[in-house]
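Spelled out, the chains give:
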Amino acid sequence: MTDPTQGLPVDHTVPLLGPAPSTLAGPDGPPASTPPPPTGRERRRRRSPGRLGPVVAAAGAAGLVGGLAGGVLADQLTGSPEEAPVVVQAEPARQQAAAPSPVAADGSIPGLSQAALPSVALISVGGDGLGSGFVIREDGYLLTNAHVIADAGPRTEITVELPGSEPVPAEVVGSDTAYDIAVLKIDGTGLPALPFADSAEVQVGQTVVAVGAPLGLDSTVTSGIVSALDRPVVAGEASSVSYINAIQTDAAINPGNSGGPLLDLNGRVVGVNSALAQLPTSGLGRAVGSIGLGFAIPADQAEHTATQLIETGRSEHPVIGVHIDLQYTGEGARVLLAGREGSPPVIPGGPAEAAGVRPGDVIVSVDDTRIRDSSHLLVVLRSHRVGDTVEMTLRTDNGTERTVSITLAGSEG
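The present account deals with the structure reproduced in this document. (Residues numbered from 1 in each chain as written. Predicted model: local features only at pLDDT ≥ 70, side-chain atom pairs only at ≥ 80, totals over all residues. Heavy atoms only, no water.)

### Let's talk about the layout of surface pockets
This is how it is decided: A cavity here means a set of 1 Å grid points, computed over protein atoms only, where a 1.4 Å probe fits but cannot escape. A pocket is an open set with protein on both sides within 12 Å along at least 5 of 7 lines, and lining residues have an atom within 4 Å of a point. Grid points are joined across faces, edges and corners, and a volume is the space filled by probe spheres set on the points. Here a strand is any run of E in DSSP of at least two residues, a helix any run of H or I of at least four, and the numbering for each starts at the N terminus. For this scheme, ten residues count as nonpolar: Ala, Val, Leu, Ile, Met, Phe, Trp, Tyr, Cys and Pro. Four count as charged, namely Asp, Glu, Lys and Arg, and the remainder, Gly too, count as polar.
The volume enclosed by the largest pocket comes to roughly 570 Å³. As for the largest pocket, its lining consists of 24 residues, and the residues nearest its centre are D230, N245, P298, S383 and H384. Only β13 (220–237), β14 (240–249), β17 (294–298), α2 (299–312) and α4 (374–382) provide two or more residues apiece to the lining of the largest pocket. It is β14 that provides the largest number of residues to the lining of the largest pocket, a total of five residues. Residue composition of the lining of the largest pocket, grouped by class: 12 nonpolar, seven polar and five charged.

Pasting the structure below:
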């Protein structure tokens, strides 16, 4: 596994997403009881009986009878162990390729729906409808979640179905698991692309609309408000974790919405729907539907990553050049005291060394954000871009604090 704070492999000895290993489940494990093994669309995710806090599940769909796709990992979204949601990866959707006449959003939900629906696709992987996606360029580029297509092999057919069109094959242009963003390409011109909003203009309380294919029901529209901004969410399986400084919304987001757009009333993409919170309801690990806690990747991050994937097939992640001690349980994130596998705690020539960071320093805050733990640090760092300069407050073993400026370097994803 790679330590995203510096881009070099380290031996993670504890779960990356927090201190609740009892909530870990395999990506395709059966329920805890012994029903017949699931097949096709009837896949289910096993959930260990750990905490009773809300379950954050990625929003992919495997049909009306299907369960959730992706592994189950725990993370503290609120800082309170009792309220720590479990984050699960989502699923993919189907495809289409038509170019209806564009309709301008008029500031109403019906007007927005009419304008946006022609741009939102159902994405299918290997014949199963698993998630959503949307057109971002008129020449055939679509954006979705990386976890929507994660199970696609070299010979697995991915199709895109736009409203009113037949499914068409799609190729993967690039995928970034850390940001949970993937770009697909279909043959077509003049497709109705959705514009991105400026994330700095998004406000708590504003009306938003989610469009996608929950449970395989394509062209579904739900509405709500932005409930919170900068909500740290860690989603995925141990081998493929995403770090999202998320937009929280109470618009209904269910399995199958993954990769679909969260829109403002002007028809601009505010975020990419990626995860949802659910409450476990039975020993089988099944969960109720949306409880008004959905999470979306902010538009600026999604657009930036998608652009890099289209232009180069890869994307960059900001790193500071340290190895983090994942066994540290105090507040903040501690730099390792000693190196591992021949790599020192502070990478020579890296941004952290240049700023004076030393082994054993505890990273207390980044800019104005107090750091809870190592996962939270990664979420905060990933919300920045390569080349950004951040102010980092450090605490030594004797309690002395100091602030340093660090310019983030880049590591390819």
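### Comments concerning unusual backbone geometry
The condition that has to hold: Think of it in three bands: residues with accessible area under 20% of the maximum for their type are buried, residues over 50% are exposed, and the middle band is partly exposed, with areas taken using a 1.4 Å probe on protein chains only.
Even without a glycine there, the phi angle at D180 is positive, about 55°. For D180, the location among the structural elements is in the loop between β10 (168–176) and β11 (181–185). What makes D180 buried here is its relative accessible area of 1%. Even without being glycine, D367 reaches a positive phi, approximately 55°. Considering the arrangement of structural elements, one finds D367 in the loop between β20 (362–366) and β21 (369–370). The partly exposed category is assigned to D367, whose relative accessible area is 35%.

### Section: the nonpolar core
Short version of the rule: By convention a nonpolar core is built from buried Ala, Val, Leu, Ile, Met, Phe, Trp, Tyr and Cys residues, the set being connected through side-chain atoms within 4.5 Å. Residues are treated as being in contact if the distance between any of their heavy atoms lies within 4.5 Å.
Residues F134, I136, L143, I181 and F196 are the most contacted members of the largest nonpolar core, which totals 29 residues. If one sorts the elements of this core by residue count, α2 sits on top with five residues. Not counting residues within four places of it along the chain, the set of residues in contact with I181 comprises L143, T144, N145, A146, S175, D176, V272, I297, A302, T305, A306 and L309.

### A word on the packing of aromatic side chains
For the record, the criterion: Two rings belonging to Phe, Tyr or Trp (six-membered ring only in the last case) form a pair when the distance between their centres is within 6.5 Å. Interplanar angles under 30 degrees mark stacking, angles over 60 mark edge-to-face geometry, and anything in between is tilted. By definition here, charges over rings are those cases where NZ of Lys or CZ of Arg is within 6 Å of the ring centre and within 35 degrees of the ring normal.
Across all of its chains, the model carries one aromatic pair by this definition. When the ring centre of Y141 is taken as reference, the NZ or CZ atom of R137 above it lies at 5.9 Å. One Lys or Arg, R382, reaches over the ring of Y179 and ends 5.9 Å from the middle of that ring.

### Some remarks on α4
With respect to burial, α4 is a largely interior element, nine of its nine residues being buried. Listing the buried residues of α4 in full gives S374, S375, H376, L377, L378, V379, V380, L381 and R382.

### Points about the pairing of strand β22 (residues 389–395)
Put simply, the rule reads: One requirement defines pairing of two strands: DSSP has to find at least two bridges between them.
Bridging between β20 and β22 involves four bridges; their strand directions are antiparallel. In the strand pairing of β22, S365 is matched with T393. With seven bridges connecting them, β22 and strand β23 (residues 401–407) associate as antiparallel partners. Of the residues in β23, the one forming a bridge with E391 is S405. Turn length for the β22-β23 hairpin, with the two strands adjacent in sequence and antiparallel, is five residues, and the turn residue G399 shows positive phi of about 90°.

### Re the side chain of D180
Heads up, the rule is: Counted as positive: Lys and Arg. Counted as negative: Asp and Glu, with His and the chain ends omitted from the count. Counted as salt bridges are all cases of a side-chain nitrogen of Lys or Arg within 4 Å of a carboxyl oxygen of Asp or Glu. Side-chain atoms alone can form a polar contact between residues adjacent in sequence; in general such a contact is a pair of N or O atoms within 3.5 Å, and within protein one must be able to donate a hydrogen while the other accepts it.
Buried D180, no salt bridge; nearest opposite-charge side chain is R382, N-O distance 11 Å. Looking at D180, its side chain comes within polar contact range of the main-chain nitrogen of A146, at 3.0 Å. Polar side-chain contacts of D180 include one of 2.8 Å to the side chain of S274.

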